[in-house]
Amino acid sequence: MVSTSLGIGTMVGWQRIVKTIGERIGKEHLTYAQGASSELVAATMIGVSTAIGLPSSTTHVLSSAIAGSMVANRGVKNLNPQMVRNIALAWVLTLPVTMVMSGALFLFFRAIL
């Protein structure tokens with residue numbers, strides 16, 4: 001069910017994801033070389049984390065790799081600070097918000113069942 005939901009969500013909202021990750025992290029458009037190197041690094045990191053049993057987020061890894069390629073291309077000034085701040089805030093808030101939501105749903109279901 002989760003895989004189906006993620007797949008449908010990606011099919012519907014792919015343009016927003018691509019625009020945010022590929023065009024808004026940096027101040028200029030992503031080049032083919034930056035995209036290829038970012039994908040290679042992301043795939044390697046996800047593979048290594050899977051092999052040693054660590055959890056990882058593909059979105060976090062890929063957006064960090066793209067930010068790194070932007071910095072390597074033209075320096076830190078090539079990053080869009082507002083977008084980087086928004087992504088970092090989402091990373092920081094994801095864990096506690098999902099913990100609270102899961103706990104609240106558990107208490108709700110326990111009360112009604």
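Conventions and cut-offs
- Residues numbered from 1 in each chain as written.
- Predicted model: local features only at pLDDT ≥ 70, side-chain atom pairs only at ≥ 80, totals over all residues.
- Heavy atoms only, no water.
- Core = buried A, V, L, I, M, F, W, Y, C linked by side-chain atoms within 4.5 Å.
- Buried < 20%, exposed > 50% of the residue type's maximum accessible area, 1.4 Å probe, protein only.
- Helix = DSSP H or I, 4+ residues; strand = E, 2+ residues; numbered from the N terminus.
- Contact = heavy atoms within 4.5 Å.
- Expected span 1.5 Å × (residues − 1).
- Bend = angle between axes of the 7 residues up to and from the residue.
- Axes fitted to C-alpha atoms, helices over the stretch in contact; angles between N-to-C directions.
- Parallel < 35°, antiparallel > 145°, perpendicular 65-115°, else oblique.
- Left-handed = near helix turned anticlockwise from the far one by under 90°.
- Nonpolar A, V, L, I, M, F, W, Y, C, P; charged D, E, K, R; others polar.
- Phe/Tyr/Trp six-rings, centres within 6.5 Å; stacked < 30°, edge-to-face > 60°.
- Patch = residues over 30% accessible without salt bridge, like charges linked within 9 Å, V, L, I, M, F, W, Y side chains within 5 Å.
- Areas by Shrake-Rupley, 256 points an atom, 1.4 Å probe, with all protein chains shown as cover.
- Salt bridge = Lys/Arg side-chain N within 4 Å of Asp/Glu carboxyl O.

Draft legend 1. Spatial organisation of the nonpolar core. Judged by nonpolar contacts, Ile-21, Ile-25, Ile-66, Ala-67, Met-70, Leu-79, Met-83 and Ile-87 together constitute the single largest core of eight residues. Taken together, the elements giving at least two residues each to this core come down to helix H3 (58–74) and helix H4 (81–112). At three residues, the largest contribution of residues to this core is made by H3. For Ala-67, the contacting residues outside a window of four places in its chain are Ile-25 and Leu-79.

Draft legend 2. Spotlight on helix H1 (residues 2–24). Counted at 1.5 Å a residue, the expected span for H1 with its 23 residues is 33 Å, but the 28 Å between its end C-alpha atoms falls short. The largest bend along H1 measures about 75° and falls at Gly-13. Of the positions making up H1, those classed as buried are Thr-20, Ile-21 and Gly-22. In this structure, the buried side of H1 is in contact with H3 and H4.

Draft legend 3. Spatial organisation of the packing of helix H2 (residues 32–51) against H3. Two elements in contact, H2 and H3, have axes separated by 8 Å at closest approach and are oriented at 140°. If you check the angle between H2 and H3, you find them oblique. Considering how the two elements wind past one another, H2 and H3 form a crossing that is right-handed. For the pair H2 and H3, the contacting residues are Gln-34, Ser-37, Ser-38, Glu-39, Val-41, Ala-42, Met-45 and Ile-46 in the first and Thr-58, Val-61, Leu-62, Ala-65, Ile-66, Ser-69, Met-70 and Asn-73 in the second. Of the residues in the contact of H2 with H3, the class split is nine nonpolar, six polar and one charged.

Draft legend 4. Representation of H3 within the structure. Taking 1.5 Å per residue as the helical rise, H3 with its 17 residues ought to reach 24 Å, and the 25 Å between its terminal C-alpha atoms agrees with that figure. The elements touched by buried residues of H3 are H1, H2 and H4. In the segment just after H3, Gly-75 is the residue with positive phi, at about 90°.

Draft legend 5. Spatial organisation of the packing of aromatic side chains. For the structure on display, the rule yields one aromatic pair. Relative to Phe-109, the ring of Phe-108 has its centre 5.5 Å away and its plane inclined at 55°; by these criteria the two rings are tilted. Exposure remark for Phe-108: the relative accessible area of 46% places this residue in the partly exposed category.

Draft legend 6. Highlighting a nonpolar patch on the surface. Where nonpolar side chains cluster on the molecular surface, the patch consists of Leu-89, Trp-91, Val-92, Leu-93, Val-97 and Met-101 and spans about 560 Å² of accessible area. Considering the arrangement of structural elements, one finds Val-97 in helix H4.

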